[in-house]
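Below are the chains, spelled out letter by letter.
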Amino acid sequence: MKVVVCVKQVPDTETRVKIAPEGNAIVETDVNWIVSPFDEFAIEEALRIREARGGEVVLVAAGPDRVQTALRSGLAMGADSGVHVKDPLVDAGDTLATARALAGALKTLVPFDIVLTGQQGVGGDHGQMPGLLAELLDLPQVTVAVRIEIQDGKAVVEREIEGGRETWETSLPAVISTQKGLNEPRYASLKGIMAAKRKTIQTVDAAALGIDAAALAPRLKVVAMELPPARAAVKMISGDAETQSKELLRLLHDEAKVI
Amino acid sequence: MAVILTFAEERGGKVRRPALEVVSEARRLADALGGSVASVVVGSGVGALATELGSYGADRVHVFDDPALAAYATEAYARIVSQVVTETRPAAVLLPFTAVGKDLAPRVAARIGAGLASDCVALSVREGRLEARRPMYAGKAYATVRWEGEPQMATLRANVFPLGAPEPGRPVEVVAGSADSSARARVTATRATTAGKIELTEAQVIVSGGRGLKGPEHFHLVQELGEAFGAAVGASRAVVDAGWVDHQMQVGQTGKTVSPTLYIACGISGAIQHLAGMSSSKIIVAINKDADAPIFKVADYGIVGDAFEVLPKLTEAARAYFAGKG
């Protein structure tokens, strides 16, 4: 089977966000970039499918040069090759622009059996890519998967919903988005890291994928970005555990008015 | 006249609360714009829901009532919402940021070529257009966004937009529609994993536990405190990764981002990725034995103490408080 994994590079979750002087983006210097944790579940699942059924795993990512590092991380885990969509017009676009660029790259990889990607990036937090890609590629989708079982020509997927799980059946090819709980991503071995250096990453721009500038013009624009409002200073409650407990309930009722 | 279209998610014969919050917000926006509110409801036996949607502010309800549409199916539902958008050309399309809304909205956005802002926590009208505020990096930053063109599409976080006061008997126009119900991906079974429990992202009160509990065998102290408060129970990444509790309970950047009225953190030191997921809660209580723990920087009320002593006492006091109140 051929499994394509769309990967996003995001700031490490330990990053302390700072707002850039332009006021509509974060400061990118000093940021430690990682593969979005939800995409690691997708890479791991793709590798397991290849191990069980044979085939290949291709990674696709969009972004500036630094994105090559994310692709190499995935190749070091064991993926076979990568495609890097590198185009400032895509980077300046919105989620739909990114989806159009990624869908363009995916079309060059046809025929494939499954597209996997994280249920959201840990950054923009839009969580749109799986659905956008599925529609643009005219494929069925199952999102927020915590279990994926491949059968003949179809996949049986467990998806997380509020307070429960649904089992879905989808024909293949399909887009499936991955959630924590699906698997435990492997660490890259030293051998894997060495091997990754020799694997191919193909770089393409939007024009090469037949996507014109108008299709990439953002329909959603960030006009301002700010840090969350500072919270009021903490009020410490003293005394023994019983006194503290009663005083807390009194404050929650009388002062905060939340109970 | 500007129309704001909402997707009225239904489950078990009722419009889900987050979808009613969306209708309430659509009403406020439509009033500010001098426009009207329309809703789409899809399912089997959903015709009667139009009255309820009307009472919360919908002027028109597009009803797609068909046994073949009983279970949510992405492709069929996306086709329906897109069809209503194409026919009625709304200025904005709003959906709840729920499991269904998150799955459906991007599919519709790609189909109609609209800009989509996810997980919005505030919407306003500026010069006849919408402006939205939404968290990024799980709430480490907030972005203000605007749209080019129409419709302006957004999903709204549950529990943030106030529910309007329903007006029983408010007139509502019902438009019956029919649609192709085919889909290549379908639900074949559903099971509850938190039967009877409250969903974290929709809870008013959350009690969360962390490594200060020392082991999974002590996590019941958090569960019991949660029960006393009628709260949903959450956990830090550390204890989820250690396998104490299911990942569905994780609050934080790689778990759930929550904004309850009251968040009680027990034995959680406050790693940056946890704080990101809960620091927009209205009131935060921290119980931790380390007075220098970062969790106290975001807390409104702090108790420095041993969770093993404080939690049972607080549970007892809360039971007495709520018993007296009830």
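Residues numbered from 1 in each chain as written. Chains lettered and ligands numbered in written order. Predicted model: local features only at pLDDT ≥ 70, side-chain atom pairs only at ≥ 80, totals over all residues.

A. A look at the overall build of chain A. Within chain A one finds eight helices and 13 strands. In terms of overall dimensions, chain A has a C-alpha envelope of 65 × 45 × 40 Å along the principal axes. Split into buried and exposed, the 259 residues of chain A put 49% on the buried side. Across chain A, every contact between residues at least 6 apart in sequence was considered, and the portion connecting residues at least 24 apart equals 70%. (Helix = DSSP H or I, 4+ residues; strand = E, 2+ residues; numbered from the N terminus. Buried ≥ 20, exposed ≤ 12 C-beta atoms within 10 Å, placed from the backbone. Contact = placed C-beta atoms within 7 Å.)

B. Examining helix 2 (residues 67–77) of chain A more closely. All names here are of chain A. Within helix 2, nine of the eleven residues are buried, leaving the element largely enclosed by the surrounding structure. Every buried residue of helix 2 is listed here: Val67, Ala70, Leu71, Arg72, Ser73, Gly74, Leu75, Ala76 and Met77. Immediately downstream of helix 2, the backbone of Gly78 shows phi near 140 degrees, a positive value.

C. Up close: the nonpolar core. Counting residues in each nonpolar core, the largest one holds 195 residues, and the members touching the most others are Val5, Val60, Leu102 and Leu133 of chain A together with Leu53 of chain B. Ranked by residue count, the leading element in this core is helix 4 (residues 95–107) of chain A, at eight residues. Aside from chain neighbours lying at most four places away, what touches Leu102 of chain A is Cys6, Val60, Ala62, Val85 and Leu133 of chain A. (Core = buried A, V, L, I, M, F, W, Y, C linked by C-beta atoms within 7 Å.)

D. Spotlight on the sheet that holds strand 4 (residues 56–62) of chain A. Strand order in the open sheet formed by ten strands is 11(A)-5(A)-4(A)-1(A)-6(A)-10(A)-7(A)-8(A)-9(A)-13(B), with mixed pairing between adjacent strands. Across the chains shown, the open sheet's two edge strands, defined by having one partner strand only, are strand 11 (201–204) of chain A together with strand 13 (185–192) of chain B. Averaged over all pairs of adjacent strands, the angle between their axes in this sheet comes to 30 degrees, without regard to strand direction. Across three bridges, the pairing between strand 7 (residues 141–151) of chain A and strand 10 (residues 174–178) of chain A is parallel. Note that in strand 10 of chain A the partner of Ala145 of chain A across the bridge is Thr178 of chain A. Docked against the sheet, helix 1 (residues 37–53) of chain A engages strand 1 (2–6), strand 4, strand 6 (114–118), strand 7 and strand 10 of chain A, running at close to 150 degrees with respect to strand 6 of chain A. (Pairing = 2+ DSSP bridges. Axes fitted to C-alpha atoms, helices over the stretch in contact; angles between N-to-C directions.)

E. Structural detail: the interface of chain A and chain B. At the junction of the two partners, chain A supplies 72 residues and chain B supplies 75 residues. When contributions to the side of chain A that touches chain B are tallied by element, the ones reaching two or more residues are helix 4, helix 5 (129–136), strand 7, strand 8 (154–161), strand 9 (164–171), strand 12 (220–226), strand 13 (235–236) and helix 8 (241–254) of chain A. Take the side of chain A that touches chain B: its biggest share by element is nine residues, from helix 8 of chain A. In terms of residue class, the side of chain A that touches chain B is built from 36 nonpolar, 18 polar and 18 charged. Relative to strand 18 (residues 301–304) of chain B, strand 13 of chain A runs parallel, the two sharing two bridges. (Nonpolar A, V, L, I, M, F, W, Y, C, P; charged D, E, K, R; others polar.)

F. How the structure looks around the pairing of strand 9 of chain A. Residues and elements named next belong to chain A. The pairing of strand 8 with strand 9 spans eight bridges and is antiparallel. What sits directly across from Val157, in strand 9, is Trp168. What sits between the antiparallel neighbours strand 8 and strand 9 is a turn of two residues, in which Gly163 has the positive phi angle 70 degrees.

G. Looking closely at the sheet that holds strand 12 of chain A. Strand order in the open sheet formed by four strands is 12(A)-10(B)-9(B)-8(B), and the pairing between neighbours is antiparallel. Each of the sheet's edge strands pairs with one partner strand only, and the pair in question is strand 12 of chain A together with strand 8 (122–126) of chain B. The average angle at which neighbouring strand axes cross in this sheet is 30 degrees, direction not considered. Note: strand 9 (residues 129–136) of chain B against strand 10 (residues 141–147) of chain B, six bridges, orientation antiparallel. Note on strand 10 of chain B: the bridge partner recorded for Arg133 of chain B is Thr144 of chain B. Together, strand 8 and strand 9 of chain B form the strand contacts of helix 1 (residues 17–33) of chain B, whose direction differs from that of strand 8 of chain B by roughly 10 degrees.

H. Spatial organisation of helix 4 (residues 99–112) of chain B. Residue and element names in this part refer to chain B. Here helix 4 is 14 residues long and its end C-alpha atoms lie 21 Å apart, about the 20 Å a rise of 1.5 Å per residue gives. When you tally the buried positions in helix 4, you get 13 out of 14 residues, the bulk of the element. Backbone geometry just downstream of helix 4 places Gly113 in the positive-phi region, at approximately 70 degrees. (Expected span 1.5 Å × (residues − 1).)

I. Local environment of the confidence of the model for chain B. Overall, the predicted model of chain B reaches an average pLDDT of 95, with 99% of residues at or above 70. Of the two predicted TM-score estimates for the complex, the pTM is 0.95 and the ipTM is 0.96. (pLDDT = per-residue confidence, 0-100.)

J. Quick peek at the packing of helix 5 (residues 220–229) of chain B against helix 9 (residues 307–325) of chain B. Residues and elements named next belong to chain B. Closest axis-to-axis distance for the helix 5/helix 9 pair is 8 Å, and the angle between their directions is 20 degrees. One element, helix 5, and the other, helix 9, form an angle in the roughly parallel class. Classified by chirality, the crossing of helix 9 by helix 5 is left-handed. Taking contact as the criterion, the partners of Leu221, Glu224, Leu225, Ala228 and Phe229 in helix 5 are, on helix 9, Ala307, Leu311, Pro312, Leu314, Thr315, Ala318, Arg319 and Phe322. (Parallel < 35°, antiparallel > 145°, perpendicular 65-115°, else oblique. Left-handed = near helix turned anticlockwise from the far one by under 90°.)

K. Just the domain arrangement of chain B, in detail. All names here are of chain B. For chain B, the domain assignment lists domain 1 (3–176) and domain 2 (200–325). One C-alpha centre belongs to domain 1, the other to domain 2, and the line joining them spans 32 Å. Listed per partner, the contact involves eleven residues of domain 1 and eleven residues of domain 2. Of the residues assigned to the side of domain 1 that touches domain 2, the class counts are six nonpolar, two polar and three charged. (Domains from an automatic or database assignment.)

L. Molecular detail of the environment of Trp147 of chain B. In this fold, Trp147 of chain B is placed in strand 10. The class for Trp147 of chain B is buried, based on 24 C-beta atoms found within 10 Å. For the pair Trp147 of chain B and Leu123 of chain B, spaced 24 residues apart in sequence, the C-alpha to C-alpha distance is 12 Å. With residues near it in sequence (within four places) discarded, Trp147 of chain B still touches Arg219 and Leu220 of chain A together with Gly115, Leu130 and Gln152 of chain B.

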